[in-house]
Amino acid sequence: MSHTAHIPSHRKPRQRASKSALRAGVAGGVLSTIAVAGAAGPAQAEPVTQTIEMPTITAGLSTAVAASAQATQQVALDLETQAHEDAAAESAAKKAKKAKAEAVRKAEAKKKAEAAAKARAEAEAQERAERASRTAERTTLSAPSSSSSGNSAATSAPSSAASAPSSSSNATGSAAAIVAFAKAQVGDAYVSGGTGPNAWDCSGLVQAAYRTVGIDLPRVSQSQSTAGTQVSLDNLQPGDILYWGGAGSAYHVAIYVGGGQFVGAQNSSTGTVQRSMDYDRPSGAVRVL
């Protein structure tokens, strides 16, 4: 009972003090009442003050949230901008690489075209030079050819026969086979060192033609120009080997096919052709058969 008894005795003074204060307030009159009201006013206003401060806290939080959202949005915008810039840079790099490759391709094509044009020009110049050289050497060779013919009357008859058109059908046996083979290659390409079957150089064609009848000739034109008996250009027979340049130092050979014509692998511009001896007069001839 001791603890229970002490509690009421402890609270009673507080109740009495509260009642005394209330009585003092009432006894003080209207001014005291106003004073009490004034004192009570701030006490009641304190919750209002706290209520007013809440929007301030909420506004600050909202501002922070808004600032955070804005910062996040700015970061996203920066990342998107960077991504666009990276994509644009990559696209520009690809275009530049493609343009460079195209420029290199065009430069190579131009270089090849210029090289081809230069090769054609050189081949044409070489052909003109060879033609001029053959003409000059033909004059040198004509004197020995005339003296070896015996007399002018005997020479003139074969000359007329050689100059007059004749048929290659006059060739028989091995000569006919050689002529037929040579004519069959007309239109083939000229390739330096070529030995067939679709590309030839001059001596390669002559060697292959003679091989069809079982005759093995030397490989080069210099040796072929001395491989048989020297004959006059006025006394040619189908199958004879024509040469340009000196005997033993010839730089070109072909096969006489009759009718004042020859077949030869001329150069890279013309390939293998059949032409009149008047087009490019040879320097001499040898007979192997």
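Our structure's up above, just so we're on the same page.
Attention here is on the structure that accompanies the text. (Residues numbered from 1 in each chain as written. Predicted model: local features only at pLDDT ≥ 70, side-chain atom pairs only at ≥ 80, totals over all residues. Heavy atoms only, no water.)

For the rest of this paragraph, the subject is the nonpolar core. Within soluble globular proteins, side chains that are nonpolar tend to cluster in buried spots. Residues Val206, Tyr210, Ile241, Val253 and Ile255 are the most contacted members of the largest nonpolar core, which totals 20 residues. A total of 6 residues in this core trace back to one element, the largest contributor, which is helix H5 (residues 202-211). Other than its neighbours up to four places away in sequence, Ile241 contacts Val206, Tyr210, Leu217, Gln224, Val253, Ala254, Gly284, Ala285, Val286 and Val288. (Core = buried A, V, L, I, M, F, W, Y, C linked by side-chain atoms within 4.5 Å. Buried < 20%, exposed > 50% of the residue type's maximum accessible area, 1.4 Å probe, protein only. Helix = DSSP H or I, 4+ residues; strand = E, 2+ residues; numbered from the N terminus. Contact = heavy atoms within 4.5 Å.)

Relative to the assigned elements, Gln230 resides in strand S3 (residues 229-231). Sequence separation of Gln230 and Ile241 is 11 residues, and the distance between their C-alpha atoms is 9.5 Å. Those residues in contact with Gln230 that sit more than four places away from it in its chain are Ser225, Tyr243, Ala247, Ala285 and Val286. Within polar-contact distance, the side chain of Gln230 engages the backbone oxygen of Ser225 at 2.9 Å. (Polar contact = N/O pair within 3.5 Å; in protein donor to acceptor, adjacent residues only side chain to side chain.)

For the rest of this paragraph, the subject is the pairing of strand S6 (residues 261-267). The side chains of a regular strand alternate, residue by residue, between the two faces of the sheet. Burial of S6 is extensive: 6 of the 7 residues sit out of reach of the surface. Where strand S5 (residues 252-258) lies against S6, 3 bridges are found, and the strand directions are antiparallel. Looking at S6, one finds that Ile255 is bridged to Val263. Where S5 folds back on S6, the antiparallel hairpin that results is connected by 2 residues, among which Gly259 adopts a positive phi of roughly 65 degrees. From the end of S6 to the start of strand S7 (residues 271-276), which pair antiparallel, there are 3 residues. (Pairing = 2+ DSSP bridges.)

Within the structure shown, the criterion is met by 2 aromatic pairs. Seen from their ring centres, Phe181 and Trp200 are 6.0 Å apart, and the 85 degrees between their planes marks the pair as edge-to-face. In this pair, Phe181 sits in helix H4 (residues 173-184) while Trp200 sits in strand S2 (residues 199-200), placing the two residues 19 residues apart along the sequence. Given the relative accessible area of 3%, Trp200 is considered buried. (Phe/Tyr/Trp six-rings, centres within 6.5 Å; stacked < 30°, edge-to-face > 60°.)

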